[in-house]
Amino acid sequence: MVIRHGILLAAACLALSGQVADPAWDPLEKAYEALQAREYDAAIGLFQTAANAAPGRASIHKDLAYAYLKTGQTEAARDQFAQAMQLAPGDSHAALEYAFLCHETGKTAEARRIFDRLRKQDDPATRATAEEAFQNIDRPLAEGI
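The following paragraphs examine the structure supplied in this document. (Residues numbered from 1 in each chain as written. Predicted model: local features only at pLDDT ≥ 70, side-chain atom pairs only at ≥ 80, totals over all residues. Heavy atoms only, no water.)

**A short note on the overall build of the protein chain**
Defined as follows: Runs of H or I in DSSP of at least four residues are treated as helices and runs of E of at least two as strands, each being numbered from the N terminus. Three labels apply to residues, based on accessible area from a 1.4 Å probe with only protein chains included: buried if under 20% of the type maximum, exposed if over 50%, partly exposed otherwise in between. We call two residues contacting when some pair of their heavy atoms lies within 4.5 Å. The Shrake-Rupley method, run with a 1.4 Å probe, gives the accessible areas here. Residue values count only the displayed protein chains as cover.
Helix and strand content of the protein chain: eight helices and zero strands. Listed N to C, the secondary structure of the protein chain is α-α-α-α-α-α-α-α in terms of helices and strands. Looking at the 145 residues of the protein chain, the share that counts as buried comes to 33%. A sequence separation of at least 24 residues applies to 39% of the contacts in the protein chain between residues at least 6 apart. Of the roughly 8,900 Å² of accessible surface on the protein chain, a fraction of 56% belongs to carbon and sulfur atoms.

What follows is the structure in structure tokens.
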């Protein structure tokens, strides 16, 4: 019995020592420092490095999108929110940001589609925001028909 526990302990130690460090950690840490220093271009480059190192993390794409917004790059921000939405379909905040940026960048049909989906969500705040945005898009379309 003691030998069995010793083997399990040794296996656990080997597994822990073999864990790979988060490849996005260093660039993310530096990106947040750059944001605090208002060095937005540097932050964007660092977030891009982090996104490439960990492409499946929606939070990195959202942070990159917000950094793009700081520099006025709305289309790039929109595309990063789209990535975040694909990676985390339940993130209604990313979806709202994406829809607003779609509307702002001339992708009205896509914005309307996303707002329509979000106005049926359980969260009352999301539902209210999406309903108002949907109506702001849909009303002029309906009046034009």
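Let's pick the thread back up.
**Side note on the packing of helix 7 (residues 108-118) against helix 8 (residues 124-144)**
Here is the rule we go by: Here, axes are lines fitted to C-alpha atoms. For helices the fit covers the stretch in contact, and angles between N-to-C directions go from 0 to 180 degrees. An angle below 35 degrees is read as roughly parallel, one above 145 as roughly antiparallel, one from 65 to 115 as roughly perpendicular, and any other as oblique. We call a crossing left-handed when the near helix sits turned anticlockwise from the far one by less than a right angle, and right-handed when that turn is clockwise. Each residue is assigned to one class: nonpolar for Ala, Val, Leu, Ile, Met, Phe, Trp, Tyr, Cys and Pro, charged for Asp, Glu, Lys and Arg, and polar for all the others, Gly among them.
Contact geometry for helix 7 and helix 8: axes closest at 8 Å, N-to-C directions at 140°. The orientation of helix 7 with respect to helix 8, classified from their angle, is oblique. Of the two elements, helix 7 crosses helix 8, and the hand of that crossing is left-handed. On helix 8, the residues that touch T108, A111, R112, F115, D116 and L118 of helix 7 are T126, R127, A130, A133, F134, I137, D138 and L141. When the residues that make up the contact of helix 7 with helix 8 are grouped by side-chain class, the tally is eight nonpolar, two polar and four charged.

**As for the environment of F115**
Along the chain, F115 turns up in helix 7. In contact with F115, other than residues within four places in its own chain, are L96, A99, F100, A130, A133, F134 and I137.

**As for helix 5 (residues 74-87)**
Note the cut-off: Helix span is expected to be 1.5 Å times the residue number reduced by one.
If you check helix 5, its first and last C-alpha atoms are 20 Å apart, about what 14 residues at 1.5 Å a residue would give, namely 20 Å. Those residues of helix 5 not exposed but buried are A77, R78, Q80, F81, A82, A84 and M85. The elements touched by buried residues of helix 5 are helix 4 (58-70), helix 6 (92-104) and helix 7.

**Looking at unusual backbone geometry**
Despite not being glycine, R38 shows a phi value in the positive range, around 60°. Along the chain, R38 turns up in the loop between helix 2 (25-36) and helix 3 (40-53). Judged by its relative accessible area of 64%, R38 is exposed.

**With respect to helix 3**
Selection criterion: Picture the helix axis, draw a direction to every C-beta atom, and the arc is the one those directions span.
For helix 3, with 14 residues, the first-to-last C-alpha span of 20 Å sits near the 20 Å given by 1.5 Å per residue. All of the buried residues in helix 3 are Y40, A43, I44, F47, A50 and A51. End-on, the buried residues of helix 3 take up no more than an arc of 125°, which puts them together on one face. Helix 3 presents D41 and N52 as exposed residues on the side facing more than 90 degrees away from its buried surface. Of the surrounding elements, those touching the buried residues of helix 3 are helix 2 and helix 4.

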